[in-house]
Amino acid sequence: MKLAACIITYNEANRIGACIESVRFCDEIVVVDSHSSDATRDIAARLGARVIERDWPGYRSQKQFATDAAGCDWVLSIDADEVVTPALRTSIEALRAGGFAGARGFSIPRLTEYFGRFLRHGNAWPDRQVRLYDRRVARWSGYEVHEKIVVDGAVGRLDAPLEHHAYRSLDDQLARLDRYTSLMAAQMHAAGRRAGLAQVLVNPAWRMFRGLIIKRGVLDGWRGWMFHIAEAGYVRRKYLRLWAHSRGAGN
């Protein structure tokens, strides 16, 4: 049973190498790049990936294109800032040797590195996502941001984690989250979603309380606090923008 790794990229020259090296056990590596201005495409090609350059339509659409471009029925979707751990590789290779029997997709926990340490509690863990799937019965769904795989069939669970090296700096995190809030609010409004002031005020507080207290994010120390404060800010800005859209003030 053959397996393709699919990666979407944009200006990931300093991270794409580690990502590709971690998926060399796959039979094919497909990189879909949205016109990087750095050496991302050259590095990926040099490491043996099949590189396709394509305009950026959004995360969901680009990942679906990469999935469709693969030459294998089974796909491992991985972001450029992620790395397959040795333990995860062992689990995937064992599944492949058995023909991926028992399921049509598999969810994988993500272990997020945050300023020098991995977050092992709170909203950041285990952050399970379906990343290994039979593309014949799976499709990328949801919004263009926070996209997800929907599988027609049974979904199994892997325990070994995928490493996620998400943010280069706090400024990078805050800028990215702010960009996501703008995209999410616009798409939610277009889909008919509306927000009241209660969501603007209550949802961020609940997200932080759930992550820090209920899911014990405080055990990650100052990193846990900073991560959840930034996340609560994301939730607040998302619903504030959706509330503004509802009143014609979203732009």
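As shown above, the structure is provided for reference.
Remember, it's a predicted structure, so these values are computed and weren't measured experimentally.

(A) Just the overall build of the protein, in detail. Along its length, the protein carries seven helices and 13 strands. With the principal axes as the frame, the protein shows a C-alpha extent of 50 × 40 × 40 Å. The buried share among the 251 residues of the protein stands at 50%. Sequence-distant contacts, at least 24 apart, represent 73% of the contacts inside the protein between residues at least 6 apart. For the protein, the exposed area adds up to about 11,700 Å²; of that, 53% sits on carbon and sulfur atoms. In the protein, 37 positive and 28 negative side-chain charges are present, and the distance between their average locations comes to 6 Å.

(B) The arrangement of the sheet that holds strand 6 (residues 105-108) in detail. One open sheet accounts for seven strands, arranged 3-2-1-4-9-6-12; its pairing is mixed. At either end of the open sheet lies a strand with only one pairing partner, and these are strand 3 (50-53) and strand 12 (155-157). Mean inter-strand twist for the sheet, computed between neighbouring axes without regard to direction, equals 25°. Of the pairings in the sheet, the one linking strand 1 (residues 3-9) to strand 2 (residues 28-33) comprises six bridges and is parallel in character. Pairing of isoleucine 8 across the sheet is with valine 32, part of strand 2. Running at roughly 145° to strand 1, helix 3 (residues 59-69) makes contact with strand 1, strand 2, strand 3, strand 4 (74-77) and strand 9 (129-134) of the sheet.

(C) Quick peek at the side chain of arginine 223. Relative to the helices and strands, arginine 223 resides in helix 7 (residues 221-245). For the buried arginine 223, no salt bridge exists, and the shortest N-O distance to an oppositely charged side chain is 6.8 Å, to glutamate 113. At 2.9 Å, the side chain of arginine 223 forms a polar contact with the backbone oxygen of phenylalanine 115. With near-sequence residues (within four places) excluded, arginine 223 lies in contact with Tyr114, Phe115, Arg117 and Leu119.

(D) Just the environment of leucine 177, in detail. Note on placement: leucine 177 falls in helix 5 (residues 170-190). Taking the C-alpha atoms as reference points, leucine 177 and alanine 101, 76 residues apart in sequence, are found 38 Å from one another.

(E) Highlighting the side chain of aspartate 134. Summarising the element assignment, aspartate 134 is placed in strand 9. Within the structure, aspartate 134 has its side chain in polar contact with the side chain of arginine 104 (distance 2.8 Å). Looking at aspartate 134, its side chain comes within polar contact range of the side chain of arginine 136, at 2.9 Å.

(F) The pairing of strand 1, seen in detail. Across the seven residues that make up strand 1, a large majority, seven, are buried. The side-chain alternation of strand 1 yields two buried faces, one formed by Leu3, Ala5, Ile7 and Thr9 and the other by Ala4, Cys6 and Ile8. One crossover worth recording links strand 1 to the parallel strand 2 by way of helix 1 (residues 16-22), and it is right-handed.

(G) Structural detail: the environment of valine 32. Within the secondary structure layout, valine 32 lies in strand 2. Valine 32 gets classed as buried once you look at its relative accessible area, which sits at 0%. Remark: the alpha-carbon pair of valine 32 and alanine 49, spanning 17 residues in sequence, is separated by 9.8 Å. Excluding residues within four positions of it along the chain, valine 32 makes contact with Ile7, Ile8, Thr9, Ile52, Arg54, Gln62, Phe65 and Ala66.

(H) Structural view of the packing of aromatic side chains. Across all of its chains, the model carries nine aromatic pairs by this definition. Considering the side-chain rings of tyrosine 59 and tyrosine 180, the 6.0 Å spacing of their centres and the 85° angle between planes classify their relative orientation as edge-to-face. Highlighted residues: tyrosine 59 in helix 3 and tyrosine 180 in helix 5, separated in sequence by 121 residues. By relative accessible area, which is 14% here, tyrosine 180 ends up buried. Look at tryptophan 74 and phenylalanine 100: their rings are 4.1 Å apart centre to centre, the planes differ by 15°, and that puts the pair in the stacked class.

(I) Here's a closer look at unusual backbone geometry. The peptide bond linking tryptophan 125 to proline 126 adopts the cis configuration, its omega dihedral lying at 5°. Along the polypeptide, proline 126 turns up in the loop between strand 8 (117-118) and strand 9. Positive phi is not limited to glycine here, since asparagine 11 has a value of about 50°. Tracing the backbone shows asparagine 11 in the loop between strand 1 and helix 1. For asparagine 11, a relative accessible area of 23% corresponds to the partly exposed category.

Parameters at a glance
Residues numbered from 1 in each chain as written. Predicted model: local features only at pLDDT ≥ 70, side-chain atom pairs only at ≥ 80, totals over all residues. Heavy atoms only, no water. Helix = DSSP H or I, 4+ residues; strand = E, 2+ residues; numbered from the N terminus. Buried < 20%, exposed > 50% of the residue type's maximum accessible area, 1.4 Å probe, protein only. Contact = heavy atoms within 4.5 Å. Areas by Shrake-Rupley, 256 points an atom, 1.4 Å probe, with all protein chains shown as cover. Lys, Arg positive; Asp, Glu negative; His and termini not counted. Charge placed at Lys NZ, Arg CZ, Asp CG, Glu CD. Pairing = 2+ DSSP bridges. Axes fitted to C-alpha atoms, helices over the stretch in contact; angles between N-to-C directions. Salt bridge = Lys/Arg side-chain N within 4 Å of Asp/Glu carboxyl O. Polar contact = N/O pair within 3.5 Å; in protein donor to acceptor, adjacent residues only side chain to side chain. Right-handed = clockwise from strand over helix to strand, strands pointing away. Phe/Tyr/Trp six-rings, centres within 6.5 Å; stacked < 30°, edge-to-face > 60°.

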